[in-house]
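Structure at a glance
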Amino acid sequence: MIEVRAIEKVYRGGGGLLSQRAVKALRGVSLTLKDGEAISLIGESGCGKTTLGRIIAGLETYSQGELVFDGTPLSQVPPGDRPQWFHRVQLVQQDPYGALNPARTLGNALVDPLKLQAKHLGKDATWTRERARELLNLVGLDPEATLYKYPHNLSGGQRQRFVVARALTVDPKVLVADEAVSMIDVSLRLGILSLLSDLRVRLGISVIFITHDVAAARYVARDGVICVIYRGEIVEYGRTDDIIRSPVHPYTQALLSAMPVLRGLEKPGPDRFIPSQDLDTQAQDEAGCLFRSRCRFATERCGREHPNLVALDGGERLHACFYPQARDVVPVPVG
Ligand SMILES: Nc1ncnc2c1ncn2[C@@H]1O[C@H](COP(=O)(O)OP(=O)(O)O)[C@@H](O)[C@H]1O
Ligand SMILES: [Mg+2]
């Protein structure tokens, strides 16, 4: 089980090479992911999704809070043991081509980490070869047609599958898929999304699926949870069906309004999606709700007070809005 406890992340020198400005990428994010569970993190670009994923995978440090795996906080793990400790979490990135060395065969790219694993488990070279084939089969690639090829010989979808196979070499308990299908042809996306779901069911692996695409988030976490992030804060959290059926935070409602097919509309109307905004131009005043300047329901209270994440009707659904309400999903007018 993974617990993220009140994690904050501040980047120094955000906003360009010469800038000394601090960027708050995460502001007290907490969540729990049980073994075999799927969670989708959604929110527009710059809200901190990648930062959170990288922190959970051990590729980024945090400024405050604690990351806890199976009851053990990271702060209690000796630095020398941390690489091994983080093996349980593997990150599958957006650009599978960038993740692979173009000059090496895919066989070598797979067998190298497997050799380390074999050593760790006390297995021999036969095990390594068989395991490579097994993993390729698992992700839907033909071993014989793949092992002697180079990354450029594969299609984008095949490369993404290969990167998943490579992530599986260390027997992870969690896959973090960060915009894993964004660069893949639309027609191939569903295959990758169902691969992630299959692996979760067949291997009992948890999946943290990071995306700005609500439909994909819903698909991968259809029996799990959705966590909506806005400017480094969780603003809504709950079972996927509940969030999709009756979002209560105006930001979630705005995000869902961009999902016309799901909402039964033929095509998106004008202004159906809140336009992205330049985070740099946002007001420095952070006393109130971070979303208020874009929210059509904001009141004077929203400018004064910060809404914390609280339970909706005492249940497991959480939201950070003073006026949580199921509303017809409507576009948010932005001034
Ligand atoms: N290495 C970095 N240095 C400085 N700022 C960063 C760095 N990485 C991300 N940021 C900033 O942190 C915020 C969150 O970024 P990120 O986690 O990549 O968001 P997302 O994945 O949701 O698009 C953004 O404002 C981004 O500019
Ligand atoms: Mg990102």
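Residues numbered from 1 in each chain as written. Chains lettered and ligands numbered in written order. Predicted model: local features only at pLDDT ≥ 70, side-chain atom pairs only at ≥ 80, totals over all residues. Heavy atoms only, no water.

We now examine the sheet that holds strand β5 (residues 72–73). Two pairing modes exist for strands in a sheet, parallel and antiparallel, and in both the strands are linked by backbone hydrogen bonds. Strand order in the open sheet made by the four strands is β2-β1-β4-β5, with antiparallel pairing throughout. Two strands close off the open sheet at either side, each with one partner strand: β2 (23–33) and β5. Pairing analysis gives seven bridges linking strand β1 (residues 2–11) to β2, with the strands arranged antiparallel. Each bridged residue has a counterpart across the sheet, and for V4 the counterpart in β2 is L31. Strands β1, β2 and β4 (64–69) of the sheet are contacted by helix α1 (residues 49–56), whose axis makes an angle of about 125 degrees with β1. (Pairing = 2+ DSSP bridges. Helix = DSSP H or I, 4+ residues; strand = E, 2+ residues; numbered from the N terminus. Contact = heavy atoms within 4.5 Å. Axes fitted to C-alpha atoms, helices over the stretch in contact; angles between N-to-C directions.)

In this section: empty space enclosed by the protein. This structure, assessed with the given rule, holds three cavities of 30 Å³ or more. Of the pockets and cavities examined, the largest cavity occupies roughly 90 Å³. The wall of the largest cavity is formed by 14 residues, among which P250, C289, C295, C302 and C321 lie closest to the centre. For the second largest cavity, the calculated volume is near 70 Å³. As for the second largest cavity, its lining consists of M1, I2, L33, D35, F69, D70, R88, K173, V174 and S206. Residues belonging to the lining of the second largest cavity are distributed by class as follows: five nonpolar, one polar and four charged. (1 Å grid on protein atoms, 1.4 Å probe; cavity = no way out; pocket = protein on both sides within 12 Å on 5 of 7 lines; lining within 4 Å. Points joined across faces, edges and corners; volume = space filled by probe spheres on them. Nonpolar A, V, L, I, M, F, W, Y, C, P; charged D, E, K, R; others polar.)

Before going further, it helps to spend a moment on unusual backbone geometry. Not every positive phi belongs to a glycine, and D70 is a case in point at roughly 45 degrees. As for its position among the elements, D70 is in the loop between β4 and β5. Phi angles above zero are rare outside glycine, and D171 is one such case at about 50 degrees. Checked against the element boundaries, D171 lands in the loop between α6 (156–167) and β7 (174–178).

Orientation of helix α3 (residues 106–121) relative to α6, taken along the N-to-C sense of each, is 20 degrees, at an axis distance of 9 Å. On the basis of their axis angle, the class for α3 and α6 is roughly parallel. Of the two possible hands of crossing, α3 and α6 adopt the one that is right-handed. Between α3, through L106, A109, L110 and P113, and α6, the contact on the second element is made entirely by F162, A165 and R166. (Parallel < 35°, antiparallel > 145°, perpendicular 65-115°, else oblique. Left-handed = near helix turned anticlockwise from the far one by under 90°.)

Limitation: the analysis is restricted to geometry and does not speak to function.
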